[in-house]
Amino acid sequence: MSTSAPASSQSSVPALTLDPTAQDLLFREARTANTFTSEPVTEEQIRAVYDLIKYGPTAFNLSSLRITLIRTPQARQRLLPHMAEGNRSKTAAAPLVAILATDHEFHEELPKLVPHAPGLKDTYFAERTVREQASLLNGALQAAYFLIGVRAAGLAAGPMTGYDAEGIRKEFLDDDHEPLMVVNIGIPGPDAWFPRQPRLTYDEVVTTA
């Protein structure tokens, strides 16, 4: 009987191939920011973020995420009354705010996004209830990609779900779009971080069947 160690333990390939600095930027050192400097977030930065995160996978490539950027003072004043009181002041002060929503009518884009399956729009996604379920899951997935993309740009994101969803829908969207989160974006300011909260360990989360 061989007594050699399993092949996996002898591998010289690191467990993570991503550079440790990038690991810290995207995950270990990344935090939800609650204050920001006045340095603006440019259109070029947000375009670069989207051009990166658009490649994240979604089911059928359905790509249901829709982003509304709140840049003008007038739009900010329209948004603030719909934010929870605890989120209002930091949303008022953030250099840029993004409303992330999912489009329940995403199927209209499928002929362009899935050209090899031209009938998908009118077969699998013909029913609104099916589209709503798919768009919520995949829109939330893309929203997570967006947060990682913001971090990749060297910015901090402050995602929030404390808001009046119906109010935001009526103010900025329509009945076919459902808000997923509101994200403050910018360079972290003084006292930007709350204390780091605990995380579950690998053994608490992972089982092997």
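Described below are features of the structure shown in this document. Since we're looking at a predicted model, the values are computed, not measured.

### Some thoughts on the packing of helix 2 (residues 20-28) against helix 7 (residues 128-152)
Next up, step 1: Viewed as axis vectors pointing N to C, helix 2 and helix 7 meet at an angle of 130 degrees, and their least axial separation amounts to 9 Å. Judged by the inter-axis angle, helix 2 sits oblique to helix 7. Relative to helix 7, the crossing made by helix 2 is right-handed. Together, Leu25, Leu26 and Phe27 of helix 2 and Ile148, Arg151 and Ala152 of helix 7 make up the contact between the two elements.
Next up, step 2: Its residues assigned to classes, the contact of helix 2 with helix 7 shows five nonpolar, no polar and one charged.

### Focus on the sheet that holds strand 4 (residues 177-186)
Next up, step 1: On the basis of which strands lie adjacent, the open sheet formed by four strands has the order 1-2-4-3 and antiparallel pairing. For this open sheet the edge positions go to strand 1 (65-70) and strand 3 (156-160), each flanked by a neighbour on one side alone. Neighbouring strand axes in the sheet, compared pairwise and without regard to direction, differ in orientation by 30 degrees on average.
Next up, step 2: The pairing of strand 2 (residues 96-103) with strand 4 spans eight bridges and is antiparallel.

### Overview of the packing of aromatic side chains
Next up, step 1: Following the criterion strictly, the structure yields four aromatic pairs and no others.
Next up, step 2: Measuring from ring centre to ring centre gives 5.1 Å for Phe60 and Tyr124, while their planes differ by 45 degrees; the resulting arrangement is tilted. In this pair, Phe60 is assigned in the loop between helix 3 (43-53) and strand 1 and Tyr124 in the loop between helix 6 (110-113) and helix 7, connecting sequence segments 64 residues apart.
Next up, step 3: Centroid distance Tyr124 to Phe125: 4.8 Å. Interplanar angle 75 degrees. Geometry classified as edge-to-face.
Next up, step 4: The class for Phe125 is buried, based on a relative accessible area of 2%.

### Let's talk about the pattern of salt bridges
Next up, step 1: The tally for this structure, following the rule as stated, stands at 14 salt bridges.
Next up, step 2: With a closest N to O distance of 2.9 Å, Glu171 and Arg78 form a salt bridge. With a gap of 93 residues between them, Glu171 in helix 8 (residues 165-172) and Arg78 in helix 4 (residues 73-79) connect regions that are remote in the sequence.
Next up, step 3: Judged by its relative accessible area of 32%, Glu171 is partly exposed.
Next up, step 4: As a salt-bridge pair, Arg128 and Asp176 come within 2.7 Å of each other at their nearest N and O atoms. Highlighted residues: Arg128 in helix 7 and Asp176 in the loop between helix 8 and strand 4, separated in sequence by 48 residues.
Next up, step 5: The exposure class assigned to Arg128 is partly exposed, which follows from its relative accessible area of 27%.
Next up, step 6: Judged by relative accessible area, which is 27%, Asp176 ranks as partly exposed.
Next up, step 7: Overlapping salt bridges, with partners in common, bring together Glu105, Arg128, Arg131, Glu132 and Asp176 in one network.

### Overview of the side chain of Thr91
Next up, step 1: Tracing the chain through its elements places Thr91 in helix 5 (residues 85-93).
Next up, step 2: In this structure, Thr91 is in contact with Arg76, Leu79, Leu80, Met83, Val97, Met160 and Asn184, ignoring residues within four places of it in sequence.

What counts, and where the lines are drawn
Residues numbered from 1 in each chain as written. Predicted model: local features only at pLDDT ≥ 70, side-chain atom pairs only at ≥ 80, totals over all residues. Heavy atoms only, no water. Axes fitted to C-alpha atoms, helices over the stretch in contact; angles between N-to-C directions. Helix = DSSP H or I, 4+ residues; strand = E, 2+ residues; numbered from the N terminus. Parallel < 35°, antiparallel > 145°, perpendicular 65-115°, else oblique. Left-handed = near helix turned anticlockwise from the far one by under 90°. Contact = heavy atoms within 4.5 Å. Nonpolar A, V, L, I, M, F, W, Y, C, P; charged D, E, K, R; others polar. Pairing = 2+ DSSP bridges. Phe/Tyr/Trp six-rings, centres within 6.5 Å; stacked < 30°, edge-to-face > 60°. Buried < 20%, exposed > 50% of the residue type's maximum accessible area, 1.4 Å probe, protein only. Salt bridge = Lys/Arg side-chain N within 4 Å of Asp/Glu carboxyl O.

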